[in-house]
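Read off the chains here:
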Amino acid sequence: MSATLSQFAQSLSVETAFTVLAVAKQLKAAGKDVVELEIGDSPFESTPSAKAAGIEAIESNQTHYCPSPGLPEFREAAAAFVKNEFGIPAAAANIVAGPGAKVFEQFFCEAFLNPGDSVLVFSPYFPTYVPNIHRRGAQIIFSPLQQSHGFRPEISQIEKFLDDAASPKAIFLNSPQNPTGGVTTEQDLRDIADLLRGKDVAVFSDEPYCHMVWEGKHHSLLAQDGMLPQSVAAYTFSKSYSMSGWRLGFAVASTEVADAIGKMINTSLSCTPPLVQLAGTRALKQDHSERTRQMGLFREKVELLTSGLNQIDGFHTLPPLATFYVFPNVAPVCNRLGITSHGLALYLLEGADDAFGVACLGGECFGEAGAGFLRFSCAEPNDRLQQALAFLPKALSREDRVASYLERHPAFRLSNEYPEP
Ligand SMILES: Cc1ncc(COP(=O)(O)O)c(C=O)c1O
């Protein structure tokens, strides 16, 4: 008899984007032309100084263990970066290097949560928050983000959480937000800081899209007075420097929390590869103009996709504020066709046409509050985005194909209509 998996392992939920990516790759291997807008990756090359520094680092044998919290030069460069760009009062001792931003969700939960604690998560949300909170036996309280409120967190919901939750201990904030593209304004951050300052409540401030703000600039909660000691911010090289496969990010926290997270790295990963940190250090110092150029290209893509989607009957998308995602409300289309939003996403990939498909995700992959929406990333060249836009109205008019897709996949039949905008 084999050993049984833990309840945690059996209940583990994952990022659906990777599941849909696997289906898209399989269809492509079988000859289908698929425009892949499901995964949140950059279509651009890693920035040039980063690539050169990585090669140099291997050639000069920077290929051994290094200190668990990170190389001193990386920590210094990261601290200077958040201080200069976002006004966070950080020094090298406040920085911990990690393989991307995602791993800090787990370390944040390990740093602050005990079983039974309550955690506030705004929904729709980045899917791996949930398993990382459950890993510590904490309870999640979801608060819906509304398209009519620009997908910004409502301060009254934080007050309610602090007043009503059994043991309020942590809040997950994500701005600019995946999947909605919403931005928490500087005034929102001031209000949040005023509510939380000095309370025994920790904030995970997830900021991977800090350079993808299309109106104004990015603001971090950690720049607000007194917020550094009770927050952990996570940054990544995956988006700003197109380095998702290198796996590099870092956290900013008080020295006490940074030390605790350093111990978690010591006891799990040992360290983040030094050659990758050296590549990232060079990117922070030298790839500013390439980063700005790539961000401009992302902005064009988001604008192209948003305006194209808004011309489709039954699609309603907010003007682009941030990130490389577009998150239209498609409730009228789902209600007309009797299909769930993730069913609609998979129909566009698998069912609408034999030779061509578009891969995207249903909003419910990011929590119940996302139902009735689709999430498109912009990870393809602009002509491919145009092809996808031209395909969608055709696909949505093929009602016989929708019906036969639903025959084969009855789980995607919509049982209760979505509220329409
Ligand atoms: C909100 C959010 N957090 C974290 C991550 C993880 O990024 P990384 O590649 O740095 O682990 C992503 C990636 O898509 C994201 O969208």
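Residues numbered from 1 in each chain as written. Predicted model: local features only at pLDDT ≥ 70, side-chain atom pairs only at ≥ 80, totals over all residues. Heavy atoms only, no water.

1. A word on the packing of helix 4 (residues 72-86) against helix 11 (residues 274-286)
Closest axis-to-axis distance for the helix 4/helix 11 pair is 9 Å, and the angle between their directions is 30 degrees. Here helix 4 and helix 11 pass one another in a crossing that is left-handed. For the pair helix 4 and helix 11, contact is made by Glu73, Phe74, Ala77, Ala78 and Phe81 and by Gln277, Leu278, Thr281, Leu284 and Lys285, respectively. Counted by class, the contact of helix 4 with helix 11 contains 6 nonpolar, 2 polar and 2 charged residues. (Axes fitted to C-alpha atoms, helices over the stretch in contact; angles between N-to-C directions. Helix = DSSP H or I, 4+ residues; strand = E, 2+ residues; numbered from the N terminus. Left-handed = near helix turned anticlockwise from the far one by under 90°. Contact = heavy atoms within 4.5 Å. Nonpolar A, V, L, I, M, F, W, Y, C, P; charged D, E, K, R; others polar.)

2. Considerations on the site of the ligand
The full set close to the ligand counts 14 residues, and Ala101, Asn178, Asp206, Tyr209 and Thr236 are the nearest of them. A distance of 2.8 Å separates an oxygen atom of the ligand from a polar side-chain atom of Arg247. Contact with the protein chains covers 93% of the free accessible surface of the ligand, which is 400 Å². Class assignment for the residues of the shell around the ligand results in 5 nonpolar, 5 polar and 4 charged. (Near = heavy atom within 4 Å. Polar contact = N/O pair within 3.5 Å; in protein donor to acceptor, adjacent residues only side chain to side chain. Areas by Shrake-Rupley, 256 points an atom, 1.4 Å probe, with all protein chains shown as cover.)

3. Considering the environment of Phe204
Structurally, Phe204 can be placed in strand 6 (residues 202-206). A relative accessible area of 0% means that Phe204 is categorised as buried. The sequence separation of Phe204 and Met227 amounts to 23 residues, and the corresponding C-alpha distance is 11 Å. When residues no more than four places from it in sequence are discounted, the contact partners of Phe204 are Phe104, Glu105, Phe108, Tyr129, Ile171, Phe172, Leu173, Val232 and Ala234. (Buried < 20%, exposed > 50% of the residue type's maximum accessible area, 1.4 Å probe, protein only.)

4. Examining the pattern of salt bridges
Tallied over the full model, the rule gives 19 salt bridges. Close ionic contact of Arg197 with Asp194 constitutes a salt bridge, the shortest N to O distance being 3.0 Å. Judged by relative accessible area, Arg197 falls into the partly exposed class, the value being 35%. Taking the relative accessible area as the measure of exposure, Asp194 reaches 51% and is therefore exposed. A salt bridge links Glu407 to Arg413; its shortest N-O distance comes to 3.5 Å. (Salt bridge = Lys/Arg side-chain N within 4 Å of Asp/Glu carboxyl O.)

5. Looking at unusual backbone geometry
With an omega of 5 degrees, the peptide bond running from Ser123 to Pro124 counts as cis. Inspection of the secondary structure assignment puts Pro124 in the loop between strand 3 (118-123) and helix 6 (129-134). Backbone torsion omega between Asn178 and Pro179 reads 15 degrees, so that peptide bond is classified as cis. Of note, Pro179 is situated in the loop between strand 5 (168-174) and helix 8 (186-196). A positive phi angle, near 70 degrees, is found at Ser270, a position not held by glycine. In this structure, Ser270 sits in the loop between helix 10 (255-266) and helix 11.

6. Some points on the sheet that holds strand 5
By definition, the strands of a sheet pair up through backbone hydrogen bonds, in either a parallel or an antiparallel sense. Taken in spatial order, the 7 strands of this open sheet run 2-8-7-6-5-3-4, and their pairing is mixed. The sheet is open, and its two edges are formed by strand 2 (95-98) and strand 4 (139-144), each paired on a single side. Sheet twist, expressed as the average angle between the axes of neighbouring strands with direction ignored, equals 20 degrees. Here helix 7 (residues 155-164) sits on the sheet and contacts strand 3, strand 4 and strand 5; the angle it forms with strand 3, its principal contact strand, is near 160 degrees. Sheet contacts for helix 10: strand 2 and strand 7 (231-236); angle to strand 2, the most-contacted strand, approximately 25 degrees. (Pairing = 2+ DSSP bridges.)

7. Here we look at the domain arrangement of the protein
Partitioning the protein into domains gives domain 1 (7-44 + 291-412) and domain 2 (48-286). Contacts between the two partners involve 35 residues from domain 1, matched on the other side by 35 residues from domain 2. A combined buried area of about 3000 Å² lies between domain 1 and domain 2, and 60% of that area is made up of carbon and sulfur atoms. Inspection of the domain 1/domain 2 interface yields 3 salt bridges. (Domains from an automatic or database assignment. Buried area = accessible area lost by both parts, 1.4 Å probe.)

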